[in-house]
Amino acid sequence: MKRKSYQRKQKRTKRTRKALTLFVAFASAIIVAFIALRVYVQVAGAPPLTVPKASIFLDENENQIGDHFTNERRYWVSLDEMSPYLKTAVVAVEDKDFYKHKGFDFSRIAGALLVDLKAGSKVQGASTITQQYARNLYLSHEKSWTRKLNEALYAYRIEVFYDKDEILEGYLNTVYYGHGMYGVEAASRFYFGKSASDLTLAESAMLTGIPKGPSIYSPIANLDKATDRQHVILKLMADQSVITQDEKTRAESEKLVLKNDSWVATKSVAPYFLDVAWQEASDILKSKNLDISEGGWTIQTTLNQGHQKAAEEAVAKNMPANDLQAAFVSMDSKTGAVTALVGGRDYATSSFNRVTQAKRQPGSTIKPILYAAALENGYTPLTFLDVGETTFTYDKGRSTYSPKNVNGQFATHDMSMAQAIAISDNIYAVKTLEEIGFKAFHEMADRFNVNIGDKDNLSIALGTAETTLYEMTNAYNILASQGQETAPTTIISIKDANGDIIYESKEATKEAETVLSKEDTFILTEMMTGIFDPVFSDYSPATGISIRNRMTHTYAAKSGSTNSDQWLIGFTPSLTAGVWNGYDQGKNIEAKEDTAATKKIWIDYMEAINKGTKNEDFTKPKGVKGVVVDVETGKLATDACPKQRLVYVDEKDVPTEKCSKSFDILDRDTWGEIWNMLPFSIFKD
């Protein structure tokens, strides 16, 4: 008996020792694991909390006009910039012991574990705010033990290196609220049209309920379910004594007004312009070894909302009811700042930007660049050429070229450059290129940053090499800036997420290079005012006559056309604007309403933005003189010459001969000459 008792005692002792050994081993393993975990966490360091943030666009007056985001729309705001009701509601609902635990709520974990074991799979979560934040930052939302383990590891690392307010701030800026909105600021703006700092208790409770199931509890998707969820949250807050019963009652009775429609509308300001600004900002940041995709940038642009509205209204008003497309851009002559841009009729239908991306033949809008080269090579506005029907030979006589004018007619007399540019005579342009040579034209085009092609073909005088409206409008902007180099820009400044200035446009400013002398620029500009003057009309009218009656200011411009393109680019001393119309497929433009749209859009815009302003004249430099000449002969005008026009030329090129030598009893100058020839001094006296 004693032997059996002894054996039982020995067995109990062994079991006790074994259990103790196992306990010690298990405890040691736990301790070692925690030490190893702590060492790992310390070695690994603080996990990064950065997330993509929306970048904000401002207009020239620092009004917000839009945003840009990579994959998620979010605006990062600090905890102090959020409504206190929102923070209280989130903690009450998601993790009431948030400020007490170290990243894990073991009682919730135990309860969830029992449910999961009974179900045989991962069906219920027990995630704290820290764990949810870790999941939002680093993990997917799949329900698996592996993901849960990683979530716990990341949560512990976060708790070690960041305080509770930092964690809560991060969570509130990363949680998904439906409809593409990430973070409380984006959600608050989307649902209620206000900043998260201005949310009421009722609005805060409504937003807090959405993340549990955005497709179910969004007030836009299902207002009834969203309201029920809101009331549950308000009750929880009252039960936890974070709000009073009176506050709960008032919040439940508050009628919420959703503003998502107005929010969506505010995102549609100048979308084509914003695309150009985003690309330019990206290039600027890349040059500074920064990546725009990080987000959080505040990009102040050059957009003038008044100009943009005028441009959009002009396009909408004058476009025919067909597939004809439009492009418009305006630039400040001194800075190159793009003040308005319309890249097409409807951004939602097509985001293809016809200002910057569409390469088309500019037609006769290239002629001012050609005539700038001609002025530097001995031509004047009063240089006359035979512009009758002409067949040109090239390629050493093996090929011929017979250009025609738009209406198929030709002049029956010699014509000056001033008149040729006004009616857009093609023979004059081709003869000019033939005489000054291809090299001079290529060099001038390079100075104006305009593509005219690489081939030496006489047809390039008529704009057959493709270019963009952006390039062509900037070329004219150089003329508006008195021949000084300009470059189009959409960016004034860029700030990072901390508000530090990364770039200012003054960084890019440099002493402007002279592209064309002030004298030649002014002479060319004054010739370009001739497209609106009927005195130059001949076998074809001056090309801007159809909009002359709308003009209240002085404009210099040039039109251009091909079978499938219509252009008009013009300027005042302060601003340049360019318009293009055509079909994306390159279909011929034949309908009268199609051909008329371009000039109507241009004049509507220019008159709208200049309404109520004083007329600006182009500044005449020294060395240039204005003379009234006979349009048909280029000689000094007399009363006997009915087609008279003020033309500006270099002082050395002022004509000395009068337009009529024949005797004309109506010409006082003729009588004066005869009188001076009389030998009788008595009569002269």
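On a predicted model such as this, the values are computed, not experimentally measured, just so you know.

A.B. asks: Tell me about the sheet that holds strand β16 (residues 575-582), and please be specific about residues and values.
C.D. replies: As summarised here, the arrangement of the five strands in space is β7-β6-β16-β15-β14, forming an open sheet in which the pairing is antiparallel. Two strands in the sheet have a free side with no partner beyond their single neighbour: β7 (338-342) and β14 (556-562). On average, each strand axis in the sheet is inclined to that of its neighbour by 5°, with strand direction left out of account. Note: strand β15 (residues 565-571) against β16, seven bridges, orientation antiparallel. Residue phenylalanine 571 lies in a different strand from β16, and its bridge partner there is threonine 576.

A.B. asks: Tell me about the pattern of salt bridges, residues and numbers included.
C.D. replies: A complete count under the given rule lists 16 salt bridges for this structure. One salt bridge connects glutamate 389 with lysine 404, and the closest N-O pair in it is separated by 3.9 Å. Taken as a pair, glutamate 389 in the loop between β8 (384-386) and β9 (392-394) and lysine 404 in the loop between β10 (399-401) and β11 (414-416) lie far apart in primary sequence, 15 residues in all. Notably, a salt bridge pairs aspartate 653 with lysine 652, separated by 3.2 Å at the nearest N-O pair. According to the relative accessible area criterion, aspartate 653 is partly exposed, its value standing at 27%.

A.B. asks: How would you sum up the state of the cysteines? Please name residues and give values.
C.D. replies: Per the stated rule, a full pass over the model turns up one disulfide. With its sulfur 1.5 Å from that of its partner, cysteine 641 forms a disulfide with cysteine 659. Between cysteine 641 and cysteine 659, the S-S dihedral sits near 90°, and the bridge is therefore right-handed. Placement of cysteine 641 in the loop between β17 (624-630) and β18 (644-650) and of cysteine 659 in the loop between β18 and α22 (668-677) is noted, with a sequence separation of 18 residues between them. With respect to class, cysteine 641 is no different from cysteine 659; both count as buried.

A.B. asks: Describe the packing of helix α8 (residues 201-209) against helix α10 (residues 223-239), listing the residues and the values that go with them.
C.D. replies: For any two helices packed against each other, one specifies the crossing angle of their axes together with the interaxial distance. As a packed pair, α8 and α10 sit with axes 8 Å apart at the nearest point and diverge in direction by 110°. Put simply, α8 runs roughly perpendicular to α10. Here the hand of the crossing between α8 and α10 comes out right-handed. Contacts between α8 and α10 involve Leu201, Ala202, Ala205, Met206, Thr208 and Gly209 on the former and, on the latter, Ala226, Thr227, Arg229, Gln230, Ile233, Leu234 and Met237. Broken down by class, the residue content of the contact of α8 with α10 amounts to eight nonpolar, four polar and one charged.

Reading the values: rules and limits
- Residues numbered from 1 in each chain as written.
- Predicted model: local features only at pLDDT ≥ 70, side-chain atom pairs only at ≥ 80, totals over all residues.
- Heavy atoms only, no water.
- Pairing = 2+ DSSP bridges.
- Helix = DSSP H or I, 4+ residues; strand = E, 2+ residues; numbered from the N terminus.
- Axes fitted to C-alpha atoms, helices over the stretch in contact; angles between N-to-C directions.
- Salt bridge = Lys/Arg side-chain N within 4 Å of Asp/Glu carboxyl O.
- Buried < 20%, exposed > 50% of the residue type's maximum accessible area, 1.4 Å probe, protein only.
- Disulfide = S-S within 2.5 Å.
- Parallel < 35°, antiparallel > 145°, perpendicular 65-115°, else oblique.
- Left-handed = near helix turned anticlockwise from the far one by under 90°.
- Contact = heavy atoms within 4.5 Å.
- Nonpolar A, V, L, I, M, F, W, Y, C, P; charged D, E, K, R; others polar.

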